[in-house]
Amino acid sequence: MAADRPRTLGELKQSGHRLESVKDEMRRTLIAMIRRNEPLFPEILGYEETVVPQIQNAILSKHDMLFLGTRGQAKTRMLRQLVRLLDDAIPIVDGSEVNDHPYHPVSREARDKIEAMGDDTPIAWVGRDQRFQEKLATPDVTIADLIGEIDMIKHAEGRYLSSELTMHFGLIPRTNRGIFCMNELPDLSPKIQVGLFNVLEERDVQIRGYPVRLELDLCMVFSANPEDYTNRGRIVTPLKDRIGSVIRTHYPLTREIGIAINDQNAWVDRAGAQVAVPQFVKEVVEEAARLARSSSHVNQASGVSVRMSIANLENVVSNAERRALLNGEAWVVPRVGDLAHVVPSTRGKIELTMAEDDGSEDVLIHRIVGEAIKNVFSERFNPKEFRQAVEYFDNGGGVELADTLSTRELLQRIEKIPGLLKKAEDLSRDSLPSLSDPDLHHAALASAAEFILEGLHVHNRLNKNVKAGVASYER
């Protein structure tokens, strides 16, 4: 309990508290978590057998770390969760700007206070969240921001320029006995990176040429995108050499993991609406992202963020929600026709390999979505299973659909297609866990039927020359 914590240096000594470095503290906590089989990053999926062991080894080795990977690979999210390895609270000399430990103060102010007050020196307690500092590297970051600067107001009060008491400390000294995170490290100018040398190797700082000796106790962690080495900057070699472990991250290795990440992060639970997303819609959304990551038209050095599939799933649900509102329907059930609306949520999340005409990005997105539908459909069906439906269109039959059609109207339009509803019924029951609600059952049936029609279309099994046929299907 906070009320039971020591409030003076003398009480701290009597409590049996021991001095421990931040890396020893992190190592101790991690060992306990491993023994309890407790996950290091409970909300990060897909890294259990690849990335997490690298991080665990680095912490056990007491290394500073660099997380290296393209955008949207949860680098910053993992770095922020490292704070879980810190104790709930640690003691500091009350009023210290650099979290001075009462047994080993590093600042002149704390040393003077302990020398003057002895065991009566007041103690304050700092929580784990206050021991994590994060900075986004930009070209305008200065040494004063990170390390510190001479405070001319303190100098004007009568202190000498060479005195430690005239210093205004930057972010790194203020994170003493904690974790300091620098995101997008290559964007930091080379001269500032050079300023980090002593912090990483010697754990001291110099301000304006004055040798301010601060024996900082830090865990330094960084993130970087490999593309940044050539496009925006680079990590200078001596700095890389001083970083203990470089952790490579990656995108989801399987579609199933990608779907689980989307389910975990996408906002699909809408207030006042009942939402049910069929499994095949989730598969198409994730498959589109996976295809983009292998497309020769997409700049793979830049990467295709996991945020793309998350945002796409949200837009698909939103269009289904809009349709439900327009038609006064109780259930929000996405259809493949809603995938036409992933274009806005995909723009900006992919970079083409070369500059092309305006609109080429949208054309590529539609092409990738069509290929994703084809792949998912092929895993579930053989187009030959729908011979009767194909013959119906070949003989002049047709149907016109739109993404705003109500469930009832859509089912009325497709019920005349031979054999379609029976296959759609089986698919809908496989794709949603419970269809006891009649409204949900009909909405799921409509979604499954539309998926089958679009799957046949992308397989070129329907006569494209039939103007009233599914080939002219308008989303």
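Owing to the predicted nature of the structure, the values given are computational and were not obtained by experimental measurement. For every chain, the first residue of the written sequence is number 1, and numbering continues from 1 onward in sequence order. Confidence filtering applies because this is a predicted model: local features only for residues at pLDDT of at least 70, side-chain atom pairs given and counted only at 80 or more, and all residues used for totals across whole chains, interfaces and linings. To obtain the side-chain values, all non-hydrogen atoms of the structure were used and water was disregarded.

## Re the packing of helix α13 (residues 255–265) against helix α14 (residues 279–292)
And step 1. Taken N-terminus to C-terminus, the directions of α13 and α14 make an angle of 110°; their axes are 9 Å apart at the nearest point. Classified by the interaxial angle, the pair formed by α13 and α14 is roughly perpendicular. Listed contacts from α14 to R255, G258, I259, N262 and D263 of α13 are Q279, K282, E283, E286, E287 and R290.
And step 2. Polarity classes work like this: nonpolar for Ala, Val, Leu, Ile, Met, Phe, Trp, Tyr, Cys and Pro, charged for Asp, Glu, Lys and Arg, and polar for all others, with Gly in that last group. Residue composition of the contact of α13 with α14, grouped by class: one nonpolar, three polar and seven charged. Axis definition: a line fit to C-alpha positions, over the contact stretch in the case of helices; interaxial angles, taken between N-to-C directions, run 0 to 180 degrees. Runs of H or I in DSSP of at least four residues are treated as helices and runs of E of at least two as strands, each being numbered from the N terminus. Oblique is the label for any angle not covered by the other classes, which are roughly parallel (under 35 degrees), roughly antiparallel (over 145) and roughly perpendicular (65 to 115). Here, residues are in contact when the closest pair of their heavy atoms is within 4.5 Å.

## Some details on the confidence of the model for the protein chain
And step 1. Within a predicted model, pLDDT stands for the predictor's per-residue confidence, ranging from 0 to 100. With 87% of its residues at a pLDDT of 70 or more, the protein chain shows a mean pLDDT of 87.
And step 2. Considering each helix and strand of the protein chain separately, the mean pLDDT is smallest for helix α11 (residues 228–231), with a value of 50, and largest for helix α3 (residues 51–60), with 98.
And step 3. The low-confidence segment residues 463–475, where pLDDT is below 50, has 35 contacts with residues more than four positions distant or belonging to other chains.

## Some points on unusual backbone geometry
And step 1. Unusually for a residue other than glycine, K62 sits at a positive phi of about 60°.
And step 2. Unusually for a residue other than glycine, N99 sits at a positive phi of about 55°.
And step 3. Along the chain, N99 falls in the loop between β2 (89–93) and α5 (108–117).
And step 4. Under the relative-accessibility criterion, N99 is labelled buried at 7%. Each residue is assigned to one of three classes by its accessible area relative to the maximum for its type, calculated with a 1.4 Å probe on protein chains only: buried under 20%, partly exposed between the two thresholds, exposed over 50%.

## Some details on the packing of aromatic side chains
And step 1. Two aromatic rings from Phe, Tyr or Trp, using only the six-membered ring of Trp, form a pair when their centres are within 6.5 Å; if the ring planes differ by under 30 degrees the pair is stacked, by over 60 it is edge-to-face, and anything between is tilted. In the structure shown here, the tally under the stated rule is six aromatic pairs.
And step 2. Between the aromatic rings of F280 and F451, the centroid separation amounts to 4.7 Å while the plane-to-plane angle is 25°, which identifies the pairing as stacked. Taken together, the residues F280 in helix α14 and F451 in helix α21 (residues 438–458) connect sequence positions 171 residues apart. Each member of the pair, F280 together with F451, is buried.
And step 3. Relative to F381, the ring of F377 has its centre 5.3 Å away and its plane inclined at 40°; by these criteria the two rings are tilted.
And step 4. Take F377: its relative accessible area is 0%, and that puts it in the buried class.
And step 5. Using a relative accessible area of 12% as the deciding quantity, one classes F381 as buried.
And step 6. Pairwise contacts between aromatic rings join F280, F377, F381, F386 and F451 into one cluster.
And step 7. Two limits define a charge over a ring: the Lys NZ or Arg CZ must be within 6 Å of the ring centre, and within 35 degrees of the ring normal. Between R270 and the ring centre of W267, over which it is positioned, the NZ or CZ distance is 4.1 Å.

## Considering the pairing of strand β3 (residues 123–127)
Along any regular strand the residues' side chains alternate between the sheet's two faces.
And step 1. Counted residue by residue, β3 has four buried out of five residues, so it is predominantly covered.
And step 2. At least two DSSP bridges between two strands are needed for those strands to be called paired. Bridge analysis of β2 against β3 gives five bridges, and the strand direction is antiparallel. Looking at the pairing, V93 lines up with I123 of β3.

## Focus: the pairing of strand β7 (residues 178–183)
And step 1. Here β7 lies mainly inside the structure; six of its six residues are buried.
And step 2. As paired elements, strand β4 (residues 132–136) and β7 share five bridges and run parallel to each other. Looking at β7, one finds that K135 is bridged to M182.

## Points about the sheet that holds strand β8 (residues 218–224)
And step 1. Read from one edge of the open sheet, five strands run β4-β7-β8-β1-β9, paired in parallel fashion. Of all the strands in the sheet, just β4 and β9 (245–248) have a single pairing partner and so form its edges. Between one strand and the next, the sheet's axes are offset by a mean angle of 20°, whatever the strand orientation.
And step 2. Bridge analysis of strand β1 (residues 65–68) against β8 gives four bridges, and the strand direction is parallel. Of the residues in β8, the one forming a bridge with L68 is A224.

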